[in-house]
Each structure stands twice: as C-alpha cells, then as structure tokens.
Amino acid sequence: MTCIADFFTYETTKSVVVKSWTIGIINRIVQLLIIAYFIGWVFIHEKAYQVRDTAIESSVMTKVKGFGQYNSKVMDVADYVTPPQGSSVFVIITKLITTENQTAGLCPENDMKYACQRDENCGKKDTRYGILTGRCIRYNATVRTCEIRGWCPPEVDTIPAPIMHEAENFTIFIKNSIRFPLFNFEKGNLLTNADPNYIKSCRFHPVDHPYCPIFRLGDVVKMADQDFIKLANKGGVLGIKIGWICDLDKSNDLCNPQYSFTRLDSISEKNKVSQGYNFRYAKYYKKEDGTEYRTLLKAFGIRIDVIVYGSAGKFNMIPTLINMVAAFTSVGVGTVLCDIILLNFLKGAEQYKAKKFEEVTDFHIQAAASQSQELYKSNTTLTFRSEEKQSTDSGSFSLGT
C-alpha cells in the first residue's frame, strides 16, 4: 500500500528566498558563465543564428606544366602525367624502371625463390610475372629456375634508378568552381578582379599570394612537411585541400578559398612492405611480321588528390529562436547547482531542506479544512449577534424618536 500511495503523489515547486552572500555570488557567477558561453561561443564563434549548407557541389580541372630530363630523354606533360584528362586526381611520375622488348612466350623465372632441380619442384601456379608451366629449365650456366608462360624477359625491379629532379619545378594549375545549392550561391577560385597577367606569372604562397591558383610541386611537397628527394624516390600521395567556409551575411567578395596541404598516405611510411606509391603500365608495338612486343614501365610518382570541402551560412530566424530559448533555459542550471550546494555542503542544510520540502497529506488538508470551517462558523455567529444587537438598538432608537 505504501508503494501505491507513493506512486499517486503530486509534486509542485515552492519558492524559497535564501539571503546568503555565498550562494548568491555562486548563482550569479554560474549564470554569467552560461550567458558568456552562449554569446561568445554559440552565437559569435559558431554563428548559431545561421542556417548552414554543407552540401557543396564542386568541379576541379587541373593542368601540369614543365619539362624534365630522364635517361637522356626530354620528357613533357604527355610523358610524366597520368591520367591525361586533367581531373582532380593525377600522378606526376618521378622515377621509372623500364623493361624493353618483352614478348609473350616461355622463359625462366628470374626470382631465385623459384630455383629448382627438377620438374617436381615447379607446381602450376601464378607468379609475379606469369604462370608456371611445371618445367624446370636452365636460367644461366649454374642456376635452374621454373619456367613461366608470360611476357619475357621478366621484369627486374630491384635495380637502382635515378629520379627526375626537374619535377620539383613543375607547376600545377587548379581551376575550381563551387556551388551551395541551398542559397544558389556560386564562386570560383579564379577571382573575378584578378589580372590575367598576374595569373600567368604568380606562384602560390600562403602569405604573399594566398589566392594564386598555380602551385609549384616542390612548394606543395614542402608545405606538406615532406622531403622531395625521398618522396620522388619511393612515391607518395599528397592532398591539396581547398576549403570554402563562407559567411553569406557579409559581402560575396569575402568568400574565398583557403588552401592546405597534407600527405594522405603517411601511414605507409611506417610499414615495412609496400611503402610509397608505384604502378605499372606498358606501351605496345608491332614488328613488321605482326609480332607484338611491349615496353613495361614501373613508375614511381607523386599522386595529387585535390579535395574540396566547405560550408556556407546565412541568418535565419528559426535557429536564432531555438538557440535563444536554449540559452534562457540553460540559465536555470545555476539554480540546480546552488540547490546541490545548499542541500549538501553549506551550514544549515537541514533548515533549508525543511523550508524547501514540505509534505502535505489528505489528513492535513481535512484537519486544516475543519479548523477553517469552525473558525468560519465562530466568526459568522459573532457577526450575526453583533448585527442583531445593532438592529434592535437602531429600531428602538428610531421608534423612540
């Protein structure tokens, strides 16, 4: 029964004014901190009065320029940039291992882990450069290896190869257009008031030329905190990040891109296998008799990923009202904190509890009601007798007159 009685209860607030310097100062300090947080961080820094659009639409076009020398050959963009479409992801090749005049056929495997003495040592399975035929053949005068079916002779990628040092001075031109669909706002990284001669001659610098769309590869590597020689030798992936953080309550001319640079595959430097970035491709030819042959190239390079992100904000009444209500509601947190201190830590906590919490039962209500009724009857009787006496006296006096 006690549980049922406790369940069917009702609680209502009771205001108690506590005149204490200590708790009063704590209350005002907490309220001041909450108000300062909403004004300084929520409204000024985070601009919570704005509605924001993070669904940025973007297009990126790129061009690389520069000439380099590699293995006594002059290389231009068509030789060292792949793919050639000028997309947001491309590779600048800095080192090549070339295997020329490969033809499809049978030849011995050049990897010494496939050394053998008899055919039984060579099962039919795939290797790096072909499919084992199951035969053990002579590789040279002293060594026998398993025979493969594939492109022969197999590649030897352990030989040292130089890097193309001229790549450090190659330039990357980036043309970026963005749109925020919620506000139908469009902008590009080529500023409308920019001088065409300036665009042709400038080079990006975070302080002197922060909006120049032409980047020197060596500067990009440096701003990503990388060493060009090491990166060109093993390859790697760099990110050019273009950030559009726009406040559309201000002038559109103030909505400009912010560039930053980072290495995206830095975790690969910690691995003992598959470090850096490389890939293979081939150039195919035909002899006069129709025999096909190819030149296999293992390329090491710097891959560039152009990453665009951003958000735009503009004043709107709905988020403003929501955050204002949240601010006013949060001010009440000071009352909760002060109640905790008063009820548990200050002297006189028991007296405060007695004033703050009061239990009223049906018995108390009935007793109070009975007492009030008796008092009412008593007052009514006294009033009646007083009125009766006044009426008699008045009548008597009137009649006498």
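Residues numbered from 1 in each chain as written. Predicted model: local features only at pLDDT ≥ 70, side-chain atom pairs only at ≥ 80, totals over all residues. Heavy atoms only, no water.

1. Let's talk about the overall build of the chain
When helices and strands are tallied, the chain shows ten helices and 15 strands. Here the analysis covers contacts within the chain between residues at least 6 apart in sequence; of these, 70% occur between residues at least 24 apart. Surface accessibility of the chain: about 26,400 Å² in total, with carbon and sulfur atoms responsible for 56%. (Helix = DSSP H or I, 4+ residues; strand = E, 2+ residues; numbered from the N terminus. Contact = heavy atoms within 4.5 Å. Areas by Shrake-Rupley, 256 points an atom, 1.4 Å probe, with all protein chains shown as cover.)

2. Some details on the nonpolar core
Nonpolar side chains in soluble globular proteins tend to be buried together. Tyr80, Leu217, Trp244 and Ile304 are the most contacted members of the largest nonpolar core, which has 48 residues in total. Of all elements in the fold, only β2 (57–65), β6 (89–108), β9 (171–180), α5 (217–223), α6 (228–234), β12 (236–247), β13 (258–263) and β15 (292–315) reach the threshold of two or more residues within this core. Among the elements that make up this core, the one with the highest residue count is β15 (seven residues). Residues contacting Leu217, with those up to four places away along its chain left out, are Ile92, Ala167, Glu168, Phe170, Ile172, Phe228, Ile302 and Ile304. Ranked by size, the runner-up nonpolar core spans ten residues in total, among them Tyr114, Tyr129, Ile148 and Cys152. (Core = buried A, V, L, I, M, F, W, Y, C linked by side-chain atoms within 4.5 Å. Buried < 20%, exposed > 50% of the residue type's maximum accessible area, 1.4 Å probe, protein only.)

3. Description of the pairing of β12
In terms of burial, β12 is largely enclosed, as ten of its twelve residues are buried. Sheet analysis places β12 next to β15, joined by twelve bridges and oriented parallel. Paired with Gly243 across the two strands is Tyr309, which belongs to β15. (Pairing = 2+ DSSP bridges.)

4. Let's talk about the packing of aromatic side chains
With the rule as written, the count across this model stands at 13 aromatic pairs. Here the aromatic rings of Phe204 and Phe215 are separated by 5.0 Å at their centres, their planes lie at 35°, and the arrangement is tilted. A residue pair is termed long-range when its members are at least 10 positions apart, and Phe204 in the loop between α4 (196–201) and β11 (214–216) and Phe215 in strand β11 qualify at eleven residues. This pair shows no difference in class: Phe204 is buried, exactly as Phe215 is. What links up through ring pairs into an aromatic cluster is the set Phe204, Phe215, Tyr259 and Phe261. (Phe/Tyr/Trp six-rings, centres within 6.5 Å; stacked < 30°, edge-to-face > 60°.)

5. Brief notes about helix α7 (residues 317–330)
In a regular helix each residue adds 1.5 Å, so 14 residues correspond to 20 Å; α7 covers 20 Å between its end C-alpha atoms and thus fits that length. Those residues of α7 not exposed but buried are Pro319, Thr320, Asn323 and Ala327. Looking straight down α7, one finds that the buried residues subtend no more than 105° of arc, so they occupy a single side. Exposed residues on α7 whose side chains face more than 90 degrees from its buried face are Ile318, Ile322, Val325, Phe328 and Thr329. Residue Asn316 occupies the N-cap position of α7, its side-chain oxygen lying 3.0 Å from the main-chain nitrogen of Ile318. (Expected span 1.5 Å × (residues − 1). Arc of directions from axis to C-beta. Polar contact = N/O pair within 3.5 Å; in protein donor to acceptor, adjacent residues only side chain to side chain.)

6. Re the pattern of salt bridges
A complete count under the given rule lists ten salt bridges for this structure. For Arg135, the salt bridge goes to Glu147, with nearest N and O atoms at 3.3 Å. Here Arg135, found in strand β7 (residues 130–138), pairs with Glu147, found in strand β8 (residues 144–152); they are twelve residues apart in sequence, far enough to count as distant. By relative accessible area, which is 6% here, Glu147 ends up buried. One salt-bridge network, in which partners are shared between bridges, spans Arg128, Glu155, Asp157, Arg280 and Lys298. (Salt bridge = Lys/Arg side-chain N within 4 Å of Asp/Glu carboxyl O.)

7. A closer look at unusual backbone geometry
Negative phi characterises most residues that are not glycine, and trans characterises most peptide bonds. Cis geometry marks the peptide bond from Thr82 to Pro83, where omega comes out at -10°. With respect to the helices, strands and loops of the structure, Pro83 is situated in the loop between β5 (81–82) and β6. Going from Cys152 to Pro153, the amide bond is cis rather than trans, its omega being -5°. Structurally, the position occupied by Pro153 is in the loop between β8 and β9. A positive phi is found at Asn71, a non-glycine position, where the angle reads about 50°. Within the secondary structure, Asn71 is located in the loop between β3 (68–70) and β4 (73–75). Positioned with a positive phi, Asn101 is a non-glycine residue whose angle comes to about 55°.

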